[in-house]
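One-letter residues, chain by chain:
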Amino acid sequence: MAERLDCAGLTFRQDYFGDPAGWAALVCLLKDIFGIDIGPLQQLGGPDPTSMPFGWFDVEGELAANISAFALPFVLNGRIVHAAGLQSGAVRPPWRGRGLYRDVTVKALDWCEKQGFEAVILYTDKPSLYEAYGFRAIPLHRYEGAAPIPSASAAPARALLPTNADDLALLQSLLKARSPVSTSLAVTVNAAMFLINTQLDPDVRVSFLEDKQAVIAWKINEAGRFSILDVVAAEIPPLAVILGGLAITPASVEVLFRPDKLGWEGVPQQLESGTRLMLRGLGDVTPGFPAMLSPMAEF
């Protein structure tokens, strides 16, 4: 039997990001439940302007339950899908078991349908929770292999700091004009998520290849494995050029999306992660090649 809604002492609010107190309540909820701080997003251009939050607030203004929807068009098998994403789904422990999360989820999905989105995607470590709403898991694959010889003609890259005003303006400009990083599975617009993810993971480096007008989000570990998380550019440069610009010769390469635009072929590997990408809509379609969304697009 479905949980009955018990919202005694709570007030439902929608579209509250324009209220500083409402936004602060969401920041607090996500910090308390997941240990992540999205507060810096306000200094990085603010939340996605298409965001539509749905939340139950107590009398003191604390957010008891929330989920947010936002426009997230993505490419799947060469076609742009008019899709929405769901994120920031959480319920405080004292308010669990009252039907609040089901309520905000249904409200968010109803809003997505009224907006005409043909699909909805989300990330979760509890996939069974969303199967009842018509979501299904999409298999995800990363690629690994030997590094190509770095291009000797590549111009040197420079580090970008999203917290620097000039670097932030450059990033925002490039994010608006970016091409999908893959034709198999990739977001077309994800500025807010890209920017906040630069702050959530201290190991992520962001570098700018000026001659290619390309931003590279990457990591390298102590064993010399180079991980490329995302490329933001109107035209994706080859991996050899990227390595040349970064002036590194890694022991191995890991690409966290399908590298069909990188001029490099790796071996697809099933992504080992407790977090699953879930899709609602589009029938039973899946990526035609092993692929995954860039971690910089995770939400």
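Treat the numbers as computed from the prediction; the structure is a model and nothing was measured.

Turning next to the pattern of salt bridges. Applying the stated criterion across every chain yields a total of 16 salt bridges. Here arginine 98 ties to aspartate 6 by a salt bridge, and the two come within 3.4 Å at their closest N and O atoms. Highlighted residues: arginine 98 in the loop between strand E6 (83-91) and helix H2 (100-114) and aspartate 6 in the segment before strand E1 (10-14), separated in sequence by 92 residues. What makes arginine 98 partly exposed here is its relative accessible area of 25%. Owing to a relative accessible area of 33%, aspartate 6 belongs among the partly exposed residues under this scheme.

Turning to H2, a few remarks are in order. For H2, spanning 15 residues, the distance from its first C-alpha to its last is 21 Å, which sits close to the expected 21 Å at 1.5 Å a residue. Positive phi appears at glycine 116, one or two residues downstream of H2, with a value of about 85°.

Moving on, we get to a nonpolar patch on the surface. Where nonpolar side chains cluster on the molecular surface, the patch consists of Phe34, Ile36 and Leu200 and spans about 250 Å² of accessible area. Structurally, phenylalanine 34 can be placed in helix H1 (residues 20-34).

Attention now goes to helix H6 (residues 239-246). Most of H6 sits inside the fold, with seven of its eight residues counted as buried. Here H6 has its buried residues at Leu239, Val241, Ile242, Leu243, Gly244, Gly245 and Leu246. The secondary structure elements touched by the buried residues of H6 are strand E12 (205-209), strand E13 (214-220), strand E14 (225-232) and strand E15 (252-255).

One recurring pattern in soluble globular proteins is that nonpolar side chains are buried together. Formed by 79 residues in total, the largest nonpolar core has its most connected members in Leu26, Phe74, Leu86, Phe135, Phe194 and Val215. Excluding residues that lie within four positions of it along the chain, valine 215 makes contacts with Leu160, Leu171, Leu174, Phe194, Val206, Ser207, Phe208, Asp230, Val231 and Val232.

On to the sheet that holds strand E5 (residues 79-81). Taking strand neighbours across the sheet as the criterion, the three strands line up as E5-E4-E11 in an open arrangement whose pairing is antiparallel. Because the sheet does not close on itself, it has two edges, and the strands there are E5 and strand E11 (185-187). Between one strand axis and the next, the sheet turns by 30° as a mean value, whatever way the strands run. Direction of pairing for strand E4 (residues 74-76) relative to E11: antiparallel, over a ladder of three bridges. Paired with phenylalanine 74 across the strands is valine 187, a residue of E11.

The next subject is the pairing of strand E3 (residues 63-71). Burial within E3 is extensive, with eight of its nine residues counted as buried. Between the antiparallel neighbours strand E2 (residues 52-58) and E3 lie four residues, among them glycine 61 with a positive phi of about 90°. Strand direction decides the pairing type here: E3 and E6, joined by six bridges, are antiparallel. By the bridge assignment, alanine 69 is partnered in E6 with leucine 86.

Rules behind the numbers
Along every chain, residues carry numbers that run from 1 in the direction the sequence is written. Per-residue local features of the predicted model are confined to residues with pLDDT of at least 70, and side-chain atom pairs are confined, for both listing and counting, to 80 or more; whole-chain, interface and lining totals are unaffected and use all residues. To obtain the side-chain values, all non-hydrogen atoms of the structure were used and water was disregarded. A side-chain nitrogen of Lys or Arg and a carboxyl oxygen of Asp or Glu constitute a salt bridge if their distance falls within 4 Å. Helix and strand labels come from DSSP, where a helix needs a run of H or I of at least four residues and a strand needs a run of E of at least two; each type is numbered from the N terminus. Working definition: with a 1.4 Å probe on protein chains only, accessible area under 20% of the residue-type maximum means buried, over 50% means exposed, and in between means partly exposed. Multiplying 1.5 Å by the residue count of a helix minus one yields the expected span of that helix. The patch calculation keeps residues exceeding 30% relative accessible area without a salt bridge and links them within 9 Å when they carry like charges or within 5 Å when they are nonpolar (Val, Leu, Ile, Met, Phe, Trp, Tyr). Note on areas: Shrake-Rupley with a 1.4 Å probe; residue coverage comes only from the protein chains shown. It only takes one pair of heavy atoms within 4.5 Å for two residues to be counted as in contact. Residue types Ala, Val, Leu, Ile, Met, Phe, Trp, Tyr and Cys, when buried and joined through side-chain atoms within 4.5 Å, form a set referred to as a nonpolar core. Pairing between strands requires that DSSP locate at least two bridges from one strand to the other. To obtain each axis, a line is fitted to C-alpha atoms, and for helices this fit is confined to the stretch in contact; angles are then taken between N-to-C directions over 0 to 180 degrees.

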